[in-house]
Amino acid sequence: MQRNGGGVGAGGQPWVLRRVRLTWLSFMLFFILVFFPLIAHYYLTTIDEAGGPDKRIFGPRPGGELCEAKHVQDLCRIRESVSEELLQLEAKRQELNGEIARLNLRIEACKRSIDSAKQDLLQLKNVISQTEHSYKELMAQNQPKLSLPVRLLPDKEDPGLPPPKSARSCRLRSCFDYARCPLTSGFPVYVYDTGSYPWGEYLDPLVKQAFAASVKSNIYITDNPSIACLYLVLVGELQESPSSPPPPPLELEKQLKALPYWRSDGHNHVLVHLSRKSMTQNFLYNVSTGRAAVAQSTFLEQQYREGFDLVVSPLVHALSEPNFLEVPPQVPVKRKYLFTFQGERVESLRSSLQESPPQSFEEEMEGDPPADYDDRIIGTLKAVQDSHLDQVLVEFTCKNPRSSLPTEWALCGEREDRLEVLKASTFALVIAPGDGQLVASAGCGMRLFEALEVGAIPVVLGDHSRLPYHQFLRWSEAAIIVPKPRVTELHFLLRSLSDNDMLAMRRQGRFLWETYFSTSENVLNTILASIRTSIQVPAAPIKEEPAQEIPHKAGKLAGTDANLADNGDLDLGPVETEPPYASPRFLRNFTYTAADTYRAWNRAPGPFHLFPHTPLDPVLPSEAKFLGSGTGFRPIGGGTGGSGKEFQAALGGNVPREQFTVVMLTYEREEVLMNSLERLNGLPYLNKVVVVWNSPKPPSDDLLWPDIGLPIVVVRTEKNSLNNRFLPWDAVETEAILSIDDDAHLRHDEIMFGFRVWREARDRIVGFPGRYHAWDVNHQSWLYNSNYSCELSMVLTGAAFFHKYYAYLYSYVMPQAIRDMVDEYINCEDIAMNFLVSHITRKPPIKVTSRWTFRCPGCPQALSHDDSHFHERHKCINFFVKVYGYMPLLYTQFRVDSVLFKTRLPHDKTKCFKFI
């Protein structure tokens, strides 16, 4: 037991010692391996830094002490070689970087050249396509280019016509010599001097004087009877003088045949009898007028030759001009009285009610002879008045009845008193004569005239009556015509009409009265227009304003402002290689007269002028441009459509290609004007620029005008007038006009978008800054407003497209009082144009893009910044409303943007416009 234990104890001590030694040895080895290199590194670096250059261990030593060893020398040479190679590599790297930069610049230049070449190639393709289109159109053209007709006059020798079976059966085809009136004759009219025939001394002096004044101002009148198409003879109205009665019928026939150009039967003659009173002698009733047509207010059925004779309106204003400002307004629609009638039967036919028991209307309509309904009309109207359901005024007795034809209702009182009653009447009854043989009478014509004059809607009782110029005027749009048997339903009928219908009829009646009845000049023009339309001769072309050009010098080539022409990577239109081309003119000389008669006579401005073009010309269906009628059309993508690139390569749309003319009004702001002209450089589809120089002072002699590659016509004006902006200058050869102020600031893409929109709405004003008319509740009047609003009713013509047709209407048809006020205030011409277009079309203007103001920054202050500017425009609006009789402006609540403006497109498609 002890041995074992002792053995163990003796053997354990050496084992412990060995373990301690091993641990100590490991620690020393770790110390040597870790700390000794650190200490050595620290020592060496310390010695190297602390010592001078001659004390450094590893630094170069003077005399090359350390380089004596061979391996140290090799290391030095290697270091020097590597240093030199590094320097060379760095130099080469910098050289390569420079070369890379130069190559990158060349790459970018090449890319730009490629893009430019692509654009040039695209433009060249467009030019080739345009040329191919033009060539095909020239080769396939089968319609001659029309222009203003060359005047063709009749022969001096008149071969005469075979006589008709009876003078009562005269119609144009049998009694009118068309050979004397070729389509291109210009419709020359010869008027006999009233002193050249015996009964001229019996004519009413006022009628004679008014007729002579109207003849003097008429464009169709000629002094050469040998070339005349038509011969006018004034035969009435005659004076009422017991001492000098008119000649008897046989004597009058003899005097007519003695006229120098009567040629035995009076063909192509018109006997004009103008009535100034309600009681007019129908002294031509028993006179054989041969082949001469009769134009008068009173006709019997046996006397009237339908389609040959003419029912004319009475001559109320013989020498005086009506004051349009005294005409009552057209609103409110409903007036004090629902309807009124004042009249008295001077003499009646034998009444069926006096000879037989009363019959019902149904029984009377079944009888063969026409019934006399006047007594029943009296009873029915009195019953309506006594019912007090509506306020009406009917009077069947007069204190001082005017002279009247038998069975006709005589007028009561003086004209001024009758007008006061009619001004308070919504409807005015016009009862036809009881004698059914009297198809037209001066008394009914006088009642009709007075009702239209003050805006009372005529209600004609008697559908057998022939109203003035009924062959051409659609009286159902301005008057209510009902048979006499419906008098019992008349009250119900009048109450059932809506305000919209009544106001439309009142407005149409005002148009008829102003255009055809109001003055002696209008009456004569209407008589001639009726005959001219019947024989299908076009009207005389409307006047154009001759442009007196101011010579000017062109300077340097104008640059293109990138901000004005920027449209992304798209061109705004194809490059036009051919010279500027004008819009076709006078393409509808015959159809406007013969086929468009209804619109010409029943819509403003009437049938008195032939326009080179109108915004209302018919449009072809879409397939016609691909099936034989494609002249001038440029469909997008050749008809397949497309996005931005295809869209910009062609105008497309529903009408042939065209250009527009910029008309720019300016007044002594030469620098501003030159900048504006330069901004037009490179604008596609621009035909020319017409600068209306509104100052009496000519441009400076040393002023250099920019060369924009298109004609700039500087027009001299007779006076400083804002109306000059809308004169139809003959230098404007396009239908589209861009009216723009000299300080307007528009981008090219905005102008092009406005042009494209106008092509789809040619009858409207299309422009940029919008305004609206606001109702002043406190003063019950209108205000001009330029605040931000969700509605607008006007587009300022300082930056707007419109059709040249409206320039003619503004200058020659619109009431002169409006142009006078524009000159008085030197303001409001844009409001006047908006009134005119809305009055003609009954549509609001169209605003394009979001731009609200368009004045160029830094330009001199304009007239619109004057404090009185808005006050004057308030006055203008209310004055124009008085002239028109109502407010023609209409509100709109939208503006127009391009089709793909907000659309997400695939990467291979582009928008129509980048910013619109």
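Heads up: these notes are all about the structure in this document. A quick note: this is a predicted structure, and the numbers were derived from the prediction, not measured. Here the residue index of a chain counts from 1 through its sequence in written order. The predicted nature of this model means local features are confined to residues of pLDDT at least 70 and side-chain atom pairs, given and counted, to a pLDDT of 80 or more, with totals for whole chains, interfaces and linings taken over all residues. Side-chain numbers here rest on the full set of heavy atoms in the structure, without hydrogens or water.

A look at the state of the cysteines
The disulfide definition used here is simple: a pair of cysteine sulfur atoms within 2.5 Å. Applying the stated criterion across every chain, the model contains four disulfides. The side chain of Cys181 participates in a disulfide bridge whose partner is Cys229; the two sulfur atoms lie 1.6 Å from each other. The S-S bond linking Cys181 to Cys229 shows a torsion near 95°; that makes this disulfide right-handed. Placement of the pair is Cys181 in the loop between helix H3 (172-175) and strand E1 (189-191) and Cys229 in the loop between helix H4 (205-216) and strand E2 (230-236), with a sequence separation of 48 residues. A sulfur-sulfur distance of 2.0 Å marks the disulfide that ties Cys828 to Cys876. Handedness of the Cys828-Cys876 disulfide follows from its S-S torsion of about 85°: it is right-handed. Of this pair, Cys828 sits in the loop between helix H21 (816-825) and helix H22 (829-841) while Cys876 sits in helix H23 (residues 868-884), placing them 48 residues apart in sequence. Burial here depends on accessible area, computed with a 1.4 Å probe over protein chains only, as a share of the maximum for the residue type. Under 20% is buried, over 50% is exposed, and the range in between is partly exposed. Judged by its relative accessible area of 0%, Cys828 falls in the buried class. For helices the rule is a DSSP run of H or I covering at least 4 residues; for strands it is a run of E covering at least 2, with both sets numbered from the N terminus onward.

Topic: the packing of aromatic side chains
Each pair of aromatic rings taken from Phe, Tyr and Trp, with Trp reduced to its six-membered ring, is defined by centres within 6.5 Å and is described as stacked if the planes are under 30 degrees apart, edge-to-face if over 60, and tilted in the remaining cases. Taken as a whole and assessed by the stated rule, the structure comprises 37 aromatic pairs. Between the aromatic rings of Tyr190 and Tyr261, the centroid separation amounts to 5.6 Å while the plane-to-plane angle is 80°, which identifies the pairing as edge-to-face. Of the two residues, Tyr190 sits in strand E1 while Tyr261 sits in the loop between helix H5 (249-257) and strand E3 (269-273), which places them 71 residues apart along the sequence. Tyr261 sits in the partly exposed class, given a relative accessible area of 25%. With a centroid separation of 6.3 Å and an interplanar angle of 65°, the aromatic rings of Phe879 and Phe880 are classed as edge-to-face. The buried category is assigned to Phe880, whose relative accessible area is 0%. One aromatic cluster is present, built from ring pairs that chain together Phe472, Phe511, Tyr516, Trp601 and Phe608. A cation over a ring is seen here: Arg507 above Tyr886, with NZ or CZ 5.5 Å from the ring centre. Whether a charge lies above a ring is judged from NZ of Lys or CZ of Arg, which has to be within 6 Å of the ring centre and within 35 degrees of the ring normal. Above the face of the Tyr784 ring, Arg873 is positioned so that its terminal group lies 4.3 Å from the ring centre.

So, the pairing of strand E23 (residues 770-776)
Of all seven residues making up E23, six are buried, and the element is well covered by its neighbours. Following DSSP output, two strands are said to pair if at least two bridges run between them. In the sheet, E23 pairs with strand E25 (residues 794-795) via two bridges, with the strands oriented antiparallel. By the bridge assignment for E25, Gly770 is matched with Val795. The pairing of E23 with strand E24 (residues 781-785) spans five bridges and is classified as antiparallel. In the strand pairing of E24, Ala774 is matched with Leu783. Hairpin geometry of E23 and E24 is characterised by an intervening segment of four residues between the two adjacent antiparallel strands and by a positive phi of about 55° at Gln780.

Some details on the layout of surface pockets
Of the volumes computed, that of the second largest pocket is approximately 1300 Å³. In the cavity and pocket records, a cavity denotes points on a 1 Å grid over the protein atoms alone where a 1.4 Å probe fits but cannot get out, a pocket denotes an open set with protein on both sides within 12 Å along at least 5 of 7 lines, and lining residues are residues with an atom within 4 Å of a point. Along the wall of the second largest pocket there are 43 residues; nearest its centre are Glu514, Asn522, Tyr812, Val813 and Met814. Listing elements by their share of the lining of the second largest pocket, those giving two or more residues are helix H12 (499-517), helix H13 (520-534), helix H20 (804-813), H21, H22 and H23. When residues in the lining of the second largest pocket are grouped by element, the largest group, six residues, is from H13. Here the residues of the lining of the second largest pocket sort into 25 nonpolar, 12 polar and six charged. Grid points are joined across faces, edges and corners, and a volume is the space filled by probe spheres set on the points. Throughout, the ten residues Ala, Val, Leu, Ile, Met, Phe, Trp, Tyr, Cys and Pro are labelled nonpolar, Asp, Glu, Lys and Arg are labelled charged, and all others, Gly among them, are labelled polar.

Here we look at the nonpolar core
Definition used in this section: a nonpolar core is a set of buried Ala, Val, Leu, Ile, Met, Phe, Trp, Tyr and Cys residues joined via side-chain atoms within 4.5 Å. Ranked by internal contacts, the top residues of the largest apolar core, which has 141 residues, are Phe187, Leu232 and Phe517. Formed by 46 residues, the second largest nonpolar core is a distinct cluster that contains Leu686, Val691, Ala736 and Val896.

Remarks on the pattern of salt bridges
Each salt bridge in this description consists of a side-chain nitrogen of Lys or Arg and a carboxyl oxygen of Asp or Glu lying within 4 Å of one another. A complete count under the given rule lists 38 salt bridges for this structure. Between Lys804 and Glu544 there is a salt bridge, and its shortest N-O distance comes to 2.4 Å. Here Lys804, found in helix H20, pairs with Glu544, found in the loop between H13 and strand E15 (548-549); they are 260 residues apart in sequence, far enough to count as distant. Looking at Lys804, the relative accessible area reads 1%, which means it is buried. On the accessibility criterion, Glu544 (21% relative accessible area) is partly exposed. Across the salt bridge formed by Asp763 and Lys843, the nearest N and O atoms sit 2.9 Å from each other. Highlighted residues: Asp763 in the loop between helix H19 (748-760) and strand E22 (766-767) and Lys843 in the loop between H22 and strand E27 (846-848), separated in sequence by 80 residues. A relative accessible area of 10% means that Asp763 is categorised as buried. A single network of salt bridges, built from pairs that share partners, joins Arg415, Arg418, Glu450 and Glu453.

A few points about the sheet that holds E27
One key point about sheets: their strands pair by backbone hydrogen bonds, in either a parallel or an antiparallel sense. Taken in spatial order, the nine strands line up as E15-E20-E18-E17-E21-E26-E22-E27-E28 in an open sheet, and their pairing is mixed. Two strands in the sheet have a free side with no partner beyond their single neighbour: E15 and strand E28 (895-896). Note: strand E21 (residues 736-741) against strand E26 (residues 799-803), five bridges, orientation antiparallel. Bridging across to E26, Ala736 finds its partner in His803. Each of strand E17 (660-666), strand E18 (686-693) and strand E20 (712-716) is contacted by helix H18 (residues 670-678), which is oriented at about 170° to E18, the strand it contacts most. Here a residue-residue contact requires only that any non-hydrogen atoms of the pair lie within 4.5 Å. Between N-to-C directions, angles span 0 to 180 degrees; the directions come from axes that are lines fitted to C-alpha atoms, helices contributing only their stretch in contact.

As for the sheet that holds strand E11 (residues 425-431)
Taking strand neighbours across the sheet as the criterion, the five strands line up as E9-E7-E11-E13-E14 in an open arrangement whose pairing is parallel. This sheet does not close on itself; its edge strands, each paired only once, are strand E9 (393-395) and strand E14 (480-482). Geometrically, the sheet is characterised by an average inter-axis angle of 20° between neighbouring strands, direction not taken into account. Bridge analysis of strand E7 (residues 337-342) against E11 gives three bridges, and the strand direction is parallel. Each bridged residue has a counterpart across the sheet, and for Phe339 the counterpart in E11 is Phe427.

Thoughts on unusual backbone geometry
In the segment running from Gly236 into Glu237, the intervening peptide bond is cis, with an omega of 20°. Structurally, Glu237 can be placed in the loop between E2 and H5. Residue Pro332 is bonded to the preceding Val331 through a cis peptide linkage, with omega at 5°. Topologically, Pro332 is positioned in the loop between strand E6 (310-311) and E7. Even without a glycine there, the phi angle at Arg263 is positive, about 55°. With respect to the element layout, Arg263 can be found in the loop between H5 and E3. Overall, the relative accessible area of 26% leaves Arg263 in the partly exposed class. Unusually for a residue other than glycine, Ile826 sits at a positive phi of about 50°. Here Ile826 falls in the partly exposed class, since its relative accessible area comes to 45%.

Quick word on the environment of Val394
Within the secondary structure, Val394 sits in strand E9. Distance in space between the C-alpha atoms of Val394 and Phe341 is 4.7 Å, their sequence separation being 53 residues. Discounting residues that sit within four places of it in the chain, Val394 has contacts with Phe339, Phe341, Leu381 and Gln385.

Some details on H22
Three- or four-residue spacings in an α-helix give side chains the same orientation, since the helix completes a turn every 3.6 residues. Here the expected length of a helix is defined as 1.5 Å per residue gap, with one fewer gap than residues. Taking 1.5 Å of rise per residue, 13 residues should cover 18 Å, and H22 covers 18 Å from first to last C-alpha, within 8% of that figure. When you tally the buried positions in H22, you get 11 out of 13 residues, the bulk of the element. For H22, the full list of buried residues reads Glu829, Asp830, Ile831, Ala832, Met833, Asn834, Phe835, Leu836, Val837, Ser838 and Thr841. Contact partners of the buried residues in H22: E24, E25, E26, H20, H21 and H23. Where H22 ends, the next residue or the one after it, Arg842, has phi of about 60°, a positive value.

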